[in-house]
Amino acid sequence: MNARDGFWVRMAENGPGEVIVDGVAVGPGSRVRLRPRSQSDVFDLVLDGRLAIVESVEQDDEGALHVAVTLDDDPGRDLGQARLPGHRFFYSAEEIEPLGEHVERPVADRLLVAGIGNVFLGDDGFGVEVVRRMAEQPGIPGVDVVDFGIRGMDLAYALQHDYAAVIFVDAAPRGQSPGTLTVLEPDLPGDEGPGLETHGMDPVRVLGLAGRLGRIPERVRVVCCEPARVEEALFELSEPVCAMVDEAVSLVKSLVMDMIAENRGQTTRDEVM
């Protein structure tokens, strides 16, 4: 393992579950008051005294602990929970005042449909085309449909949001006829997981990284299509794969309806649609 790979391995490892501040255990869900020490930055001045919710306790490459928080009154707080910048702030333990209160997180009931693949490699762009086609149709409440392309790290971070389930849509050679659709339930990686590949988009590798960052949704499915050709600088799907895009959209929506029914105790998909 070279130094660069070692850095990403260390950065992907979970930090401690909590930190002790003034004799109080502070961890995800703890309500705190921000007390920035430097007061030299405009954010320090604006956020001094504001109430915040701890999202995680993280450890940097040098071993220093940082408390990640989102503002209690931020209307975009869910973006901070998803680790998107601008809504998530980091402070040392000395810069937060624990209030001894805890905010219970809502039960996860959202679903993620993640289209993955490289649109410049012919049929490898199948998953991207499927989610693009889904995005053109009326959305399903509680379901996020996102084109992740080859951004494996972004997808791993997105899975840290409280999704109850994720459906990957991808092209995968399985020795079948081109255009064949298959639904897989992958074996979730263990504590070690596969090696990290920050720009890779193999679903199992992404799940391994997501597990090291903190969480993997309870239910994971992969809708994959047998490719006919995966070649560099080939910017369109082959005929047999293109012909299956609409069928794949219907298949993904059917899986989504089943998962929603399981989550909410509904017995028929018609009630959701």
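Refer to the structure printed above.
What about the overall build of the protein?
Then, in step 1: Looking only at helices and strands, the protein features eight helices and 12 strands.
Then, in step 2: For the protein, with 273 residues in total, the buried portion stands at 45%.
Then, in step 3: The contacts of the protein with a sequence gap of at least 6 include a subset with a gap of at least 24, amounting to 70%.
Then, in step 4: With the model as given, the accessible surface of the protein reaches about 14100 Å², and the carbon-plus-sulfur share is 50%.

What about the environment of valine 230?
Then, in step 1: Note on placement: valine 230 falls in the loop between strand E12 (219-225) and helix H7 (239-242).
Then, in step 2: Sequence spacing of valine 230 and valine 119 is 111 residues, and the spatial spacing of their C-alpha atoms is 9.9 Å.
Then, in step 3: The residues contacting valine 230, other than those within four sequence positions of it, are Leu121 and Asp124.

Re the sheet that holds strand E3 (residues 30-34)
Then, in step 1: The strand order across the open sheet formed by five strands is E6-E5-E4-E3-E7, and the pairing between neighbours is antiparallel. Each end of this open sheet is capped by a strand with a single partner; those strands are strand E6 (89-91) and strand E7 (96-102). The average undirected angle you get between the axes of adjacent strands in this sheet is 45°.
Then, in step 2: Sheet topology note: the strand E4 (residues 51-59)/strand E5 (residues 65-71) ladder contains seven bridges and is antiparallel.

A short note on the side chain of arginine 88
Then, in step 1: Residue placement: arginine 88 occurs in the loop between helix H3 (77-81) and E6.
Then, in step 2: A polar contact is formed between the side chain of arginine 88 and the side chain of serine 56, at a distance of 3.1 Å.
Then, in step 3: A polar side-chain atom of arginine 88 sits 2.4 Å from a polar atom in the side chain of glutamate 58.

Observations concerning the nonpolar core
Nonpolar side chains in soluble globular proteins tend to be buried together.
Then, in step 1: With 27 residues, the main nonpolar core has Val113, Phe126, Val130, Ile167, Val252 and Val256 as its most contacted residues.
Then, in step 2: Put simply, the parts of the chain that give this core at least two residues each are strand E8 (110-116), helix H4 (126-135), strand E10 (163-171), E12 and helix H8 (245-264).
Then, in step 3: When residues no more than four places from it in sequence are discounted, the contact partners of isoleucine 167 are Leu112, Val113, Ala114, Arg221, Val223, Val252, Leu255, Val256 and Met259.
Then, in step 4: Leu159, Val166, Ala210 and Val220 belong to the second-largest nonpolar core, a separate cluster that totals 20 residues.

What about the pairing of E12?
Then, in step 1: Where burial is concerned, most of E12 is hidden: seven out of the seven residues are buried.
Then, in step 2: Across seven bridges, E10 lies against E12 in parallel orientation. Note that in E12 the partner of phenylalanine 168 across the bridge is valine 222.

Considerations on the sheet that holds E10
Then, in step 1: With respect to topology, five strands assemble into an open sheet ordered E9-E8-E10-E12-E11, the strand pairing being mixed. Single-partner strands in this sheet number two, and they are strand E9 (143-149) and strand E11 (181-184). Pairwise comparison of adjacent strand axes, ignoring direction, gives a mean angle of 20° for this sheet.
Then, in step 2: Those strands touched by H4 are E8, E9, E10, E11 and E12, and its axis lies near 130° from that of E8.
Then, in step 3: Relative to E10, helix H6 (residues 203-213) is tilted by about 150°, and along the sheet it contacts E8, E10 and E12.

Considering unusual backbone geometry
Then, in step 1: For aspartate 22, which is not a glycine, the phi torsion comes out positive at approximately 55°.
Then, in step 2: With respect to the helices and strands, the residue aspartate 22 is situated in the loop between strand E1 (19-21) and strand E2 (24-26).

Things to note about the state of the cysteines
Then, in step 1: Taken as a whole and assessed by the stated rule, the structure comprises zero disulfides.
Then, in step 2: No disulfide involves cysteine 225; its sulfur sits 8.0 Å from the nearest other cysteine sulfur, which is in cysteine 224.
Then, in step 3: A residue is classified by how much of its surface remains accessible, and cysteine 225, at 1% relative accessible area, is buried.

Digging into H4
Then, in step 1: Burial analysis of H4 places eight of its 10 residues in the buried class, which makes it a mostly covered element.
Then, in step 2: Along H4, the residues that are buried comprise Phe126, Gly127, Val128, Glu129, Val130, Val131, Arg133 and Met134.

Thoughts on the side chain of arginine 31
Then, in step 1: Along the chain, arginine 31 turns up in strand E3.
Then, in step 2: A distance of 3.1 Å separates a polar atom in the side chain of arginine 31 from a polar atom in the side chain of aspartate 72.
Then, in step 3: Leave out the neighbours within four places in its chain, and arginine 31 touches Ala52, Ile53, Asp72, Pro98, Leu99, Gly100, Glu101 and Val103.

Cut-offs and rules
- Residues numbered from 1 in each chain as written.
- Predicted model: local features only at pLDDT ≥ 70, side-chain atom pairs only at ≥ 80, totals over all residues.
- Heavy atoms only, no water.
- Helix = DSSP H or I, 4+ residues; strand = E, 2+ residues; numbered from the N terminus.
- Buried < 20%, exposed > 50% of the residue type's maximum accessible area, 1.4 Å probe, protein only.
- Contact = heavy atoms within 4.5 Å.
- Areas by Shrake-Rupley, 256 points an atom, 1.4 Å probe, with all protein chains shown as cover.
- Pairing = 2+ DSSP bridges.
- Axes fitted to C-alpha atoms, helices over the stretch in contact; angles between N-to-C directions.
- Polar contact = N/O pair within 3.5 Å; in protein donor to acceptor, adjacent residues only side chain to side chain.
- Core = buried A, V, L, I, M, F, W, Y, C linked by side-chain atoms within 4.5 Å.
- Disulfide = S-S within 2.5 Å.

Honestly, that's just the spatial picture; any functional story needs more than this.
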